[in-house]
Amino acid sequence: MVPEAEVRDVLAELQRLRARVPMLAGALAASTDGLVLAHDTPGVEAEGVAALTAAALGVSIRMTEATGRGGFRELLVRGETGYIAAYAAGSSAVLTLLAEDRINVGRLHLEGRRAGARIGRLVDTALERAPQPPPGARPPAPRTPQPPGTLPHRPT
């Protein structure tokens, strides 16, 4: 799990992002398996959005692999009243943004990609520094380095 200090840094990044992009209605950082790391999502159930993001991420990863488009980078969904955008945040997190319909989508992508990269560095660094399991415990599988902004491929 990510230490409290890094969670505060992630939350601060989400709040700065919302301040920079006025039509951003919410921002959430979660692990790739759907656990909330930090959120600034007034009026929205963060845990539900994180779980749905994980499900959409799974489908997106499968789609990019099946079509030969490489590792997952981002997903954009447009509803009648706004957008939901998800961006890879390092190797083990995802940034989900909720935006109003009038947002400049180019700006949304620019700011979302930058924030995703910063959050990814925070989370990945925290996980690398995490205490090692005690002797005799099963070590975690080795992590394959990923290019910035990409998530690992899931086995098919």
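Up top you'll find the structure we're talking about.
Quantities reported herein were computed from a predicted structural model and do not represent experimental measurements.

Student: Would you mind showing me how to read the overall build of the protein here?
Tutor: Each helix and strand in the protein was counted, giving 3 helices and 5 strands. Ordered by position from N to C terminus, the α and β elements of the protein give α-β-β-α-β-β-β-α. Per-residue burial for the protein yields a buried fraction of 40% across its 156 residues. Put simply, 55% of the contacts in the protein that link residues at least 6 apart link residues at least 24 apart. Of the roughly 8,900 Å² that the protein leaves accessible, carbon and sulfur atoms contribute 58%.

Student: Teacher, can you tell me more about the side chain of S92 here?
Tutor: Its place among the elements puts S92 in the loop between strand 4 (82-89) and strand 5 (93-100). Of note is the side chain of S92, whose polar atom sits 3.4 Å from the side chain of D124.

Student: Help me out: how do you make sense of helix 3 (residues 105-129) in this one?
Tutor: For helix 3, with 25 residues, the first-to-last C-alpha span of 36 Å sits near the 36 Å given by 1.5 Å per residue. Of all the residues in helix 3, the buried ones are L108, H109, E111, G112, A115, G116, I119, G120, V123, D124 and A126. Lining the buried residues of helix 3 we find helix 1 (4-20), strand 1 (24-31), strand 2 (36-40), strand 3 (74-79), strand 4 and strand 5. A distance of 2.9 Å separates the backbone nitrogen of G106 from a side-chain oxygen at the start of helix 3, and that oxygen is part of N104.

Student: Where do I start with the pairing of strand 4 in this structure?
Tutor: Regular strands place side chains that alternate from one sheet face to the opposite one. Burial of strand 4 is extensive: 7 of the 8 residues sit out of reach of the surface. Bridge count for strand 3 against strand 4 is 6 bridges, and the pairing is antiparallel. The partner of L75 across the bridge, within strand 4, is A86. The hairpin turn running from strand 3 into strand 4, its antiparallel successor, is 2 residues long. Counted between consecutive antiparallel strands, the loop separating strand 4 from strand 5 contains 3 residues, among which G90 sits at a positive phi close to 75°.

Student: Whenever I open this one, the nonpolar core confuses me. Can you help?
Tutor: For soluble globular proteins, the rule of thumb is that nonpolar side chains tend to be buried together. Judged by nonpolar contacts, the single largest core of 25 residues is most densely connected at L95, L97, L108 and I119. Within the residue set of this core, elements represented by two or more residues are helix 1, strand 1, strand 2, strand 4, strand 5 and helix 3. Sorting elements by how many residues they give to this core places helix 3 first, with 5 residues. Those residues in contact with I119, other than ones at most four positions away along the chain, are V10, E13, L14, A29, A89 and L95. Residues A30, V49, A86 and V94 belong to the second largest nonpolar core, which totals 7 residues.

Student: Sorry, what's going on with the packing of helix 1 against helix 3 here?
Tutor: When two helices pack together, their arrangement is given by the angle between the helix axes and the distance between those axes. The contact between helix 1 and helix 3 brings their axes to 10 Å, and the two run at 175°. In this view, helix 1 runs roughly antiparallel relative to helix 3, as classed from their interaxial angle. Taking contact as the criterion, the partners of E6, D9, V10, E13, L14, L17 and R20 in helix 1 are, on helix 3, R107, E111, A115, R118, I119, L122, V123, A126 and R129. Residue composition of the contact of helix 1 with helix 3, grouped by class: 8 nonpolar, no polar and 8 charged.

Reading guide: rules and limits
- Residues numbered from 1 in each chain as written.
- Predicted model: local features only at pLDDT ≥ 70, side-chain atom pairs only at ≥ 80, totals over all residues.
- Heavy atoms only, no water.
- Helix = DSSP H or I, 4+ residues; strand = E, 2+ residues; numbered from the N terminus.
- Buried < 20%, exposed > 50% of the residue type's maximum accessible area, 1.4 Å probe, protein only.
- Contact = heavy atoms within 4.5 Å.
- Areas by Shrake-Rupley, 256 points an atom, 1.4 Å probe, with all protein chains shown as cover.
- Polar contact = N/O pair within 3.5 Å; in protein donor to acceptor, adjacent residues only side chain to side chain.
- Expected span 1.5 Å × (residues − 1).
- Pairing = 2+ DSSP bridges.
- Core = buried A, V, L, I, M, F, W, Y, C linked by side-chain atoms within 4.5 Å.
- Axes fitted to C-alpha atoms, helices over the stretch in contact; angles between N-to-C directions.
- Parallel < 35°, antiparallel > 145°, perpendicular 65-115°, else oblique.
- Nonpolar A, V, L, I, M, F, W, Y, C, P; charged D, E, K, R; others polar.

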